[in-house]
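Now for the letters of each chain:
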Amino acid sequence: MVTPRIAIDASTHVIIKGARVHNLKNIDVNIPKNQLVVITGLSGSGKSSLAFDTLYAEGQRRYIESLSAYARQFLGKMNKPDVDIIQGIAPCIAIEQKVNTSNPRSTVGTSTEIYDYLKLLFARIGKTYSPISGKEVKKNSVTDVVNFILTFPDDTSLLILCPLLLDNGRTLEEECNIWLQKGFTRIVLDNKILRIEEWLSETKSNKRKNSTKNIFIVIDRVRTNQDEDTVARLSDSVQIAFLEGNGDCYLEAENRMEHFCNRFELDNISFENPSVNLFSFNNPYGACKTCEGHGNVIGIDEDLVVPDKKRSVFDDAIAPWRGINLGKWKKDFISASAKHKFPIHRPYAELDVQQKSLLWKGTKDIAGLDNFFDFLQKQTYQVQYRVILSRYRGKTACPDCRGSRLRKDANYVKINQLSITDMVLMPIENLLQWFTDVVLSEHDQQIAQRLLLEIINRLTYLSNVGLNYLTLNRLSNTLSGGESQRINLATSLGSSLVGSIYVLDEPSIGLHPRDTRRLIGILESLKEAGNTVIVVEHEEEIMRAADHIIDIGPLAGSHGGELVCAGTFNEIINNEESLTAQYLSNKRSIPTPKQRRPWSSYLEIQGARENNLKNINVKFPLHTLTVVSGVSGSGKTSLIKKILVPALQKQIGAISREETGKFDLLTGDISTIEKVEMVDQNPIGRSSRSNPVSYIKAWDDIRDLFAKLPASKALGLKPGYFSFNVEGGRCDICEGEGEVKISMQFMADIYLPCESCGGKRFKQQILDITYKEKNVANI
């Protein structure tokens, strides 16, 4: 056994003595600072207990101790890890195994904060363009109009005008009399200047009604020059024109009319002023009103309506038309289809775009699927129609925003002809290049300089960790485990902290060996910045790259918790007690199977093109163990989780509300499949009260056993009283959690043991009932 190096100086090492958290057996460990340290050992040997529950927990406790009085009031409640001494500890940052978020609004852009900077950038320097004329929408100020006037040669005669508007239901005569009272005496009509009184008397004698269209009030007649008095007069007149003209001001000079508007309008469209909230799909102001910022809506799912795309319309491809009662829709469609030359015997997968459009949208004389579902919608007062309709509903792309999540007019704002939607749909590689090469005006560059720096830095980090193929609009819950890990690491790298301890929990999970090299590069970057990097890990390549290895074991659970060996890779490789060393030195190995199972039946996906899949065909053998491999981000998760699983579930009639990825056809021995189960990286329990015993239903028998005890019967306690998930016997303060959450406002919430039950989850009355000297909390 290699004796661990003794660190006398706490400035160069983190010294841990007498660690007894969970199954750790009073161990002493010295961790060198500013190095890449790997803590390894069997699963359950105590690695996480040392790294997270001892080192990180104490680092967090001491960090809070240095903060405000508000934070310190909880310190008496925060449990100190069961350890004698920890010296030389620095502020700790934990990056734990983070499974994909289930938040349907989270994207790569929002999770890396790049989208926040993009919103601010567009709000500050974005230019709004009319979708009709393509011209830039500008809000004219008095200064803009005066500066335009001063471009004319001196002594140019011009008129400052505003439109004649009827206000509060006044007649034309009443409006003109009010203008006369204000001191304005002339109008312009058909390029002629007329006195208001003369024009009114003329219209009365002619007994004809005049509209106010193309009638302008003369606010001022002026000859241009550069004098201060003239400029002041022009400013006052233009301001009056804007005020009286409801935001419109006209200039007539040299036989041409110029229009200015201090409203944000163009082409008779009123536009919104760019603001941060306009570009936020998590804010009601900026979110698409139809999908509320989700990008998809609950609509009719094509994969549920046509589960087997090998069938034709005649061969019952349309699932809701198979019944006796609704079968008349199929008969009517087939009868009318000959007129439109629709191929009723052709498989649905082989129909072209026009034929599918006819089937769904129909025509004046033929009812399509949209008409059919409209009919069902009108009949929802009857239960059976509500049931039928719910059977074919699923997530579909929002018809209004087409998945961009933003209100339509947010895309009218552009920077160098690119909208924010264009940017988030670009691969990070292209977006980084665009921001690197972008040329802005001097004014815009000055405003955007700091924002551009932050955006480019974060895009560079994502590119460095090998995620340059992703888009910022990609949903976080569609990422693979390896991609999620690298995004978390890139975000940490962007924080630019120095002198900290980073504690990472198996960051190589989900990574291809090619990507492990990139991961090591990130870890070394964190180390070179002046940080201590501690990694709980099993991956051989990371162990070889480590400066120091700590092996906890020798076995798991009560047989682990000891320091087996510590040192460099070469120092521990020949250790006889370490199972890790025996596998690293090839003294032990996992044998390769000598033969493989033969297969004949299979499933086949044709034309898979979801996310980055490029129209591929794949066969999956049945009754065998099949591995889908490839580098992180190659499309493995897209193929299995997004296409195969939901498509297969819908085809065998299982309930699936997930939107199926883009593909053409699912074929093969589908009839032999009875059930599809997706086991992913997400926790099995939805609540913090869930545990393996309750999940596999074993707790039900334990509750029944306690309820049948004489003491329980005497008190009238039913099985529910021995559950921490329902009211009754559980602690009312923590509601069966065993701990209470304290919101820290300025940092991550902390969880403290419940003072009422002491973390036992149950009331004392329940804990007094025992079976073989054990109460329900002991068990």
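The structure under discussion appears in the preceding block.
Residues numbered from 1 in each chain as written. Predicted model: local features only at pLDDT ≥ 70, side-chain atom pairs only at ≥ 80, totals over all residues. Heavy atoms only, no water.

Caption draft 1: Region of interest: the overall build of the protein chain. The secondary structure content of the protein chain amounts to 26 helices and 29 strands. On C-alpha atoms alone, the protein chain measures out to a radius of gyration of 36 Å, which is more than a quarter above the 28 Å that the 2.2 N^0.38 rule sets for 779 residues. When each of the 779 residues of the protein chain is scored for burial, the buried share is 45%. Across the protein chain, the fraction of contacts at a sequence separation of at least 24, relative to all contacts at a separation of at least 6, is 66%. Accessible surface computed for the protein chain: about 41,400 Å², of which carbon and sulfur atoms make up 48%. (Helix = DSSP H or I, 4+ residues; strand = E, 2+ residues; numbered from the N terminus. Rg over C-alpha atoms; globule rule 2.2 N^0.38 Å. Buried < 20%, exposed > 50% of the residue type's maximum accessible area, 1.4 Å probe, protein only. Contact = heavy atoms within 4.5 Å. Areas by Shrake-Rupley, 256 points an atom, 1.4 Å probe, with all protein chains shown as cover.)

Caption draft 2: The arrangement of the packing of helix 5 (residues 142–149) against helix 8 (residues 228–244) in detail. Packing of helix 5 against helix 8 brings their axes to within 9 Å, and their N-to-C directions diverge by 130°. With respect to helix 8, the element helix 5 is oriented oblique. In terms of crossing hand, the pair formed by helix 5 and helix 8 is right-handed. For the pair helix 5 and helix 8, contact is made by Val 142, Val 145, Val 146 and Ile 149 and by Val 231, Leu 234, Ser 235, Val 238, Gln 239 and Phe 242, respectively. (Axes fitted to C-alpha atoms, helices over the stretch in contact; angles between N-to-C directions. Parallel < 35°, antiparallel > 145°, perpendicular 65-115°, else oblique. Left-handed = near helix turned anticlockwise from the far one by under 90°.)

Caption draft 3: Molecular detail of the sheet that holds strand 12 (residues 256–261). Read from one edge of the open sheet, six strands run 9-8-10-7-11-12, paired in antiparallel fashion. Of all strands in the sheet, those with a lone pairing partner are strand 9 (192–195) and strand 12, marking the two edges. Across this sheet, the average inter-strand angle for adjacent strands is 35°, counted without regard to direction. Of the strand pairs in this sheet, strand 11 (residues 248–253) and strand 12 are connected by six bridges, and their pairing is antiparallel. (Pairing = 2+ DSSP bridges.)

Caption draft 4: A look at the side chain of Gln 582. By secondary structure assignment, the location of Gln 582 is in helix 21 (residues 579–584). For Gln 582, a relative accessible area of 13% corresponds to the buried category. In contact with Gln 582, not counting residues within four places along its chain, are Asn 575, Glu 576, Glu 577, Lys 587 and Arg 588.

Caption draft 5: Region of interest: helix 12 (residues 369–378). Among the residues making up helix 12, those that are buried are Leu 369, Phe 372, Phe 373 and Leu 376. Down the axis, helix 12 shows its buried residues gathered within 90° of arc, on one side only. Elements in contact with the buried residues of helix 12: strand 15 (296–300), helix 9 (302–305), helix 10 (327–337), helix 11 (353–361) and helix 13 (383–391). (Arc of directions from axis to C-beta.)

Caption draft 6: View of the environment of Asn 34. Following the sequence through the fold, Asn 34 ends up in the loop between strand 2 (27–32) and strand 3 (36–41). The spatial distance from the C-alpha of Asn 34 to the C-alpha of Lys 527 is 5.9 Å, given a sequence separation of 493 residues. The residues touching Asn 34, leaving out its near neighbours within four places in the chain, are Lys 527, Gly 530, Asn 531 and Thr 532.

Caption draft 7: The sheet that holds strand 21 (residues 548–553), seen in detail. Here we have six strands laid out as an open sheet, ordered 5-19-20-3-21-22, and mixed in their pairing. The open sheet has two free edges, formed respectively by strand 5 (92–95) and strand 22 (562–567), since each of these has just one partner strand. Neighbouring strand axes in the sheet, compared pairwise and without regard to direction, differ in orientation by 20° on average. Pairing geometry for strand 19 (residues 501–505) and strand 20 (residues 532–536), over five bridges, is parallel. In the strand pairing of strand 20, Ile 501 is matched with Thr 532. Its contacts with the sheet put helix 1 (residues 47–65) on strand 3, strand 5, strand 19, strand 20 and strand 21, and the angle it makes with strand 19 is roughly 145°. Of the strands in this sheet, strand 3, strand 19 and strand 20 touch helix 18 (residues 513–528), which is tilted by about 145° from strand 20.

Caption draft 8: Geometry of the nonpolar core. Among the nonpolar cores identified, the biggest contains 64 residues, and Leu 118, Leu 121, Phe 435, Leu 459 and Leu 472 are the most heavily contacted of them. Ranked by residue count, the leading element in this core is helix 4 (residues 114–125), at seven residues. For Leu 118, the contacting residues outside a window of four places in its chain are Ile 420, Met 423, Val 424, Phe 435, Ile 455 and Leu 472. (Core = buried A, V, L, I, M, F, W, Y, C linked by side-chain atoms within 4.5 Å.)

Caption draft 9: Region of interest: the packing of aromatic side chains. Applying the stated rule across the entire model yields 20 aromatic pairs. Taking 5.1 Å as the distance between ring centres and 90° as the angle between the ring planes, the aromatic pair formed by Trp 434 and Phe 435 counts as edge-to-face. Comparing Trp 434 with Phe 435, the two get one shared label, buried. Summarising the aromatic geometry, the rings of Trp 599 and Tyr 602 are spaced 6.5 Å apart at their centres and angled 75° between planes, so their arrangement reads as edge-to-face. Counting every residue linked through ring pairs, the aromatic cluster contains Trp 321, Trp 329, Phe 333, Phe 342, Phe 372, Phe 373, Phe 375, Tyr 385 and Tyr 392. Lys 328 extends its terminal NZ or CZ atom over the ring of Phe 375, reaching a point 6.0 Å from the ring centre. If you follow Arg 405 out to its NZ or CZ, it ends over the ring of Phe 281, 4.8 Å from the centre. (Phe/Tyr/Trp six-rings, centres within 6.5 Å; stacked < 30°, edge-to-face > 60°. Lys NZ or Arg CZ within 6 Å of the ring centre and 35° of its normal.)

Caption draft 10: Geometry of the pattern of salt bridges. Per the counting criterion, the structure on display carries 32 salt bridges. Of the charged contacts, one joins Asp 316 and Lys 330 as a salt bridge, the two residues approaching to 2.7 Å between their closest N and O atoms. With Asp 316 in the loop between helix 9 and helix 10 and Lys 330 in helix 10, the pair connects residues that are 14 residues apart, well separated along the chain. One network of salt bridges, in which partners are shared, links Glu 113, Arg 450, Glu 454 and Arg 458. (Salt bridge = Lys/Arg side-chain N within 4 Å of Asp/Glu carboxyl O.)

Caption draft 11: Just the pairing of strand 19, in detail. Counting buried residues in strand 19 gives five out of five residues, a clear majority hidden from the surface. The alternating pattern of strand 19 places Ile 501, Val 503 and Asp 505 and Tyr 502 and Leu 504 on opposite faces, both of which are buried. Across four bridges, the pairing between strand 5 and strand 19 is parallel. Each residue of the ladder has a partner; that of Cys 92, found in strand 19, is Ile 501.

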